[in-house]
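Understanding the architecture of this molecule
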Number of protein chains: 2
Amino acid sequence: MTKPALSAEPAPSFRPLYLQIKDLLVRSLETGEWRPGEAIASELVLASRFGVSQGTVRKALDALAADHLVVRRQGKGTFVATHTEEAQSSFRFLRIRQDGGSELPASRLLDVRRGKASAEVARLLEVKPGDPVVVVRRVLEWGGRPVIVDDITLPAALFRGLTRAKLESYAGSMYGFFETQFGVRMLNAQERIKAVPADPATAGVLGVPAGTPLLAVDRVAHTYGGRPVEYRRGLCSTAAHHYFNVLG
Amino acid sequence: MTKPALSAEPAPSFRPLYLQIKDLLVRSLETGEWRPGEAIASELVLASRFGVSQGTVRKALDALAADHLVVRRQGKGTFVATHTEEAQSSFRFLRIRQDGGSELPASRLLDVRRGKASAEVARLLEVKPGDPVVVVRRVLEWGGRPVIVDDITLPAALFRGLTRAKLESYAGSMYGFFETQFGVRMLNAQERIKAVPADPATAGVLGVPAGTPLLAVDRVAHTYGGRPVEYRRGLCSTAAHHYFNVLG
DNA sequence: TAGTGGTCTAGACCACATA
DNA sequence: ATGTGGTCTAGACCACTAG
């Protein structure tokens, strides 16, 4: 039988048990069987539930941990990953660092307004052009000095009742806020970076001359199933900060 | 990668067997028991050599594969990772992409010269200021159009006999060349990115007006033991290209 | 057909956390 | 003392590759 000219992927002839278990666990996480931060069932309990050995459950959980969907803690249990915990996980996606130190930024809200998705935003968020969106503008400051201006675009359908007051009342990270208030979990993201000259308005906010080269960081963040749920554009002054990345 | 010697680490009370096996295998790789691209001994052979079970060897090898030190191929064996193979591994560290497509760049050599390590280069490469270095300047082009100017600084002690002629005669990637000609393997790297205005010389090479915002990508690449062996500064025009990054 | 890595199991024991 | 995840073992079988 001649092999059909497949598009690169031969479609795996079978799917290992532990990956099927992993899929079932992802569904349980997605539907909220356990809440963020909570401990999920133990390996032995899951093994008996699914009728497989503890070792197979372990491989599934290790894969989930590699995806940052759960966190394993020896002696305590396996926990649903969350953006609300300590600084480490709270700023998991932030790649901007001080040139010298390791200080963490504070967020200052500038504006929250409603609008309609442009063609480009619609494409990135996989909604229809004109669909309602919420745009949050905020500044990240290190030591009181503004460094990044973020424009964060969210599909309004998923963030009903998002107001400036609520956002301001929340102390922790924005992703933690989205998680606890709207049940929207940011699982991964991709960023595209360009160098652009500062427009006058941004230059004013960041305290640099207009035309100063800035990093333009475009981010699309995804939730379960790779569905995009946030588009963000950050403009970053690199006078005393830089984008940090590790290549494995 | 091998875990960086963190401060604040309470020093683990014990070291699992499979990590000790991993360390032994790293030493074997470092000393060249198997050459890049070659298959290493099979799991069963290694298990009997070290007097542990196949499962323990497997965990060690899986960890090495996660660090990209080896590549596992079902039915064939476990192979020493290399930068000389297909495009995928050859450009493993390149994060610059075309805005539209997925074309790969070509390299054009501008200059190879010898010099002495400045204070900053000495600090980054962990050599003494004034130590001899080789600086390679080259351009990366997409479809014949220059996009990146790279200044690549190497400790001369590790790259004896590196000449422009040899570099030009080599078709593949530069890291593949370093690997086969000098036995220096680039295992991982970190990059720091800023936005800077194009200086007149660079602007001329890239065909953009002086002052145009460019990405300045500083990279330090490491070999075994986390020893830095390359410092590279790339200046990248983002008119039709961008830096791409995935956040897990 | 033989050899390789990949999956799955079952059980023992270890390290860690909590009560 | 108990329960959790982490390590280690031994063996069976499966999927893939090559001669």
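Residues numbered from 1 in each chain as written. Chains lettered and ligands numbered in written order. Predicted model: local features only at pLDDT ≥ 70, side-chain atom pairs only at ≥ 80, totals over all residues. Heavy atoms only, no water.

Looking at DNA strand C, there are 21 residues lining it, with A:Leu17, A:Ser53, A:Thr56, A:Gln74 and B:Gly75 nearest. Among the atoms of DNA strand C close to the protein, meaning within 4 Å, 79% are from sugar or phosphate groups. One nitrogen or oxygen atom from the side chain of B:Arg72 is found 3.2 Å from a phosphate oxygen belonging to DNA strand C. At a separation of 3.4 Å, a phosphate oxygen of DNA strand C approaches a polar side-chain atom of B:Thr78. Among the elements of the structure, α1 (17-30) and α3 (54-66) of chain A together with β1 (70-73) and β2 (77-80) of chain B are those that each provide at least two residues to the surface near DNA strand C. (Near = heavy atom within 4 Å. Polar contact = N/O pair within 3.5 Å; in protein donor to acceptor, adjacent residues only side chain to side chain. Helix = DSSP H or I, 4+ residues; strand = E, 2+ residues; numbered from the N terminus.)

What follows is about the domain arrangement of chain A. All names here are of chain A. According to the domain assignment, chain A contains domain 1 (6-80) and domain 2 (87-243). The distance between the C-alpha centroids of domain 1 and domain 2 comes to 31 Å. Taken together, the contact pairs 7 residues of domain 1 with 6 residues of domain 2. When domain 1 packs against domain 2, close to 580 Å² is buried across both sides, 61% of that on carbon and sulfur atoms. Summed over the three residues of domain 1 that lose the most area to domain 2, namely Glu-30, Pro-36 and Leu-69, the buried surface amounts to 58% of that side. Between domain 1 and domain 2 we count 1 salt bridge in total. With a shortest N-O distance of 3.9 Å, Glu-30 and Arg-227 are connected by a salt bridge. Inspection of the region where domain 1 meets domain 2 yields 0 residue pairs in polar contact (both at pLDDT 80 or more). With 3 residues, the top contributor of residues to the side of domain 1 that touches domain 2 is α1. (Domains from an automatic or database assignment. Contact = heavy atoms within 4.5 Å. Buried area = accessible area lost by both parts, 1.4 Å probe. Salt bridge = Lys/Arg side-chain N within 4 Å of Asp/Glu carboxyl O.)

On the side of chain B, 31 residues touch chain A, which itself brings 31 residues to the contact. A combined buried area of about 2500 Å² lies between chain A and chain B, and 55% of that area is made up of carbon and sulfur atoms. In this structure, the connection of chain A to chain B is made through 2 salt bridges. Where B:Asp99 meets A:Lys194, a salt bridge forms, and the shortest distance between an N and an O atom there is 2.7 Å. The interface formed by chain A and chain B includes 23 residue pairs in polar contact (both at pLDDT 80 or more). If you list the elements that add at least two residues to the side of chain A that touches chain B, you get β7 (188-197), β8 (213-222) and β10 (241-247) of chain A. Looking at side-chain class alone, the side of chain A that touches chain B contains 16 nonpolar, 8 polar and 7 charged residues. Note that β10(A) and strand β7 (residues 188-197) of chain B share 5 bridges and pair antiparallel. Along β7(B), the bridge assignment pairs A:Tyr243 with B:Ile193. (Nonpolar A, V, L, I, M, F, W, Y, C, P; charged D, E, K, R; others polar. Pairing = 2+ DSSP bridges.)

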